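Residue strings, one per chain:
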Amino acid sequence: MSNPRFFCPEKLAPGATVRLPERAAHHAQRVLRMQAGDTLTLFNGDGHNYSGELIRVGKDEVSAKIAAQSAAQNESPLRVTLAQAISSGDRMDFTLQKAVELGIDAIQPLAAERSVVKLSGERAEKRREHWQNVVISACEQSGRAVVPAVAAPMPFSHWLGQPADFAQKIMLSPSAEQNLHHLSQPTGPVCLLIGCEGGFSPQEMQAAASCGYTPVRLGSRVLRTESAALAALAALQTLWGDF
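Owing to the predicted nature of the structure, the values given are computational and were not obtained by experimental measurement.

Definitions and limits used
- Residues numbered from 1 in each chain as written.
- Predicted model: local features only at pLDDT ≥ 70, side-chain atom pairs only at ≥ 80, totals over all residues.
- Heavy atoms only, no water.
- Buried < 20%, exposed > 50% of the residue type's maximum accessible area, 1.4 Å probe, protein only.
- Helix = DSSP H or I, 4+ residues; strand = E, 2+ residues; numbered from the N terminus.
- Arc of directions from axis to C-beta.
- Contact = heavy atoms within 4.5 Å.
- Pairing = 2+ DSSP bridges.
- Axes fitted to C-alpha atoms, helices over the stretch in contact; angles between N-to-C directions.
- Disulfide = S-S within 2.5 Å.
- Salt bridge = Lys/Arg side-chain N within 4 Å of Asp/Glu carboxyl O.
- pLDDT = per-residue confidence, 0-100.
- Phe/Tyr/Trp six-rings, centres within 6.5 Å; stacked < 30°, edge-to-face > 60°.

**Considerations on helix H1 (residues 22-31)**
Buried within H1 we find Ala24, Ala25, Ala28 and Gln29. Each buried residue of H1 sits inside an arc of 115° when the element is viewed along its axis, so together they form one side. Buried residues in H1 make contact with strand S1 (5-7), strand S4 (48-57) and strand S5 (62-71). Looking one or two places after H1, you find arginine 33, whose phi comes out positive at around 55°.

Written out as structure tokens, the structure is:
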């Protein structure tokens with residue numbers, strides 16, 4: 001068995017004994033069938049991996065003892081916030097999962113005019129928690145030890161009104177006149193704005209442009225929302241990141 005990785009949101013240090021959270025414990029015990037003495041890696045989002053071994057695998061508790069700490073050193077130098085209009089079905093999960101693998105720094109779900117899924121109140125918070133767990137699972141799989149935060153869903157107009165410290169603001173648009181390679185290399189964080197299945201409305205695109213978002217296109221073909229986000233992230237990492 002390869003050395004599995006689990007997210008454990010506690011203070012971790014060599015020599016410490018920690019109890020795995022319910023989700024990780026279930027996966028270790030019920031899915032991977034791990035036993036006491038099996039090795040594993042824990043991380044809590046601080047950028048380090050903590051290697052150790054299981055010392056107890058029981059019905060009421062799965063615990064591990066940490067042996068060593070090491071810096072992950074696999075974060076991209078390009079910090080990108082994905083401002084993604086909420087898509088329906090499994091599309092949003094897929095987008096966030098792959099965005100984490102591609103090195104995204106933070107995620108802001110947006111409620112756009114053409115978003116099919118409408119979220120508010122307790123339902124919105126439950127969906128945010130679900131998306132955060134998708135992100136955690138992607139970090140476990142991809143080897144990342146920094147966990148991108150998923151912010152609470154926000155109306156598109158409210159997002160534009162928020163103060164933002166981005167060196168480059170990019171909005172994908174199939175009708176834009178320029179491509180990504182026409183842009184200058186950013187000197188700081190980037191925000192990538194992606195529409196939902198029906199794209200942004202003309203009014204939304206105009207509002208974003210007035211707030212400093214540069215419209216760009218990815219080739220001459222129209223991409224689905226989940227394809228657009230991932231293609232753009234891969235292109236950004238190739239141009240300015242660690243690809």
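**Notes on the sheet that holds S5**
Strands sit in the order S1-S3-S4-S5-S2 across an open sheet of 5 strands; the sheet is mixed. The strands lining the two open edges of the sheet, one partner per strand, are S1 and strand S2 (17-19). Neighbour-to-neighbour, the strand axes of the sheet open up by a mean angle of 40°, direction not taken into account. Those strands touched by helix H3 (residues 121-142) are S1 and strand S3 (39-43), and its axis lies near 150° from that of S1.

**Things to note about the state of the cysteines**
Within this structure, the stated rule accounts for 0 disulfides. Here cysteine 211 is not cross-linked by a disulfide; its sulfur's nearest cysteine counterpart is in cysteine 191, at 11 Å.

**Let's talk about the pattern of salt bridges**
Tallying each qualifying case throughout the model produces 10 salt bridges. Ionic pairing is found between glutamate 101 and lysine 98, a salt bridge with its closest N-O pair at 3.3 Å. Taken as a pair, glutamate 101 and lysine 98 lie in helix H2 (residues 91-101) at a separation of 3 residues, close to a single helical turn. For glutamate 101, a relative accessible area of 36% corresponds to the partly exposed category. The exposure class of lysine 98 is partly exposed, given its relative accessible area of 24%. Connected through salt bridges with shared partners, the residues Arg56, Asp60 and Glu61 form a single ionic network.

**Observations concerning the confidence of the model for the chain**
When pLDDT is averaged across the chain, the result is 94; 100% of the residues are at 70 or more. Strand S8 (residues 149-150) holds the highest mean pLDDT among the elements of the chain, 98, whereas helix H4 (residues 156-161) holds the lowest, 92.

**Thoughts on the packing of aromatic side chains**
According to the stated counting rule, one finds 3 aromatic pairs in the structure shown. Between phenylalanine 7 and phenylalanine 43, the aromatic rings sit 5.5 Å apart at their centres with planes inclined by 55°, giving tilted as the arrangement. Residue phenylalanine 7 is found in strand S1, and its partner phenylalanine 43 is found in strand S3; the two are separated by 36 residues along the sequence. Taking the relative accessible area as the measure of exposure, phenylalanine 43 reaches 0% and is therefore buried. When the ring of tryptophan 159 is compared with that of phenylalanine 166, the centres are 6.4 Å apart and the planes differ by 50°; the resulting orientation is tilted. The same class applies to tryptophan 159 as to phenylalanine 166, namely buried.

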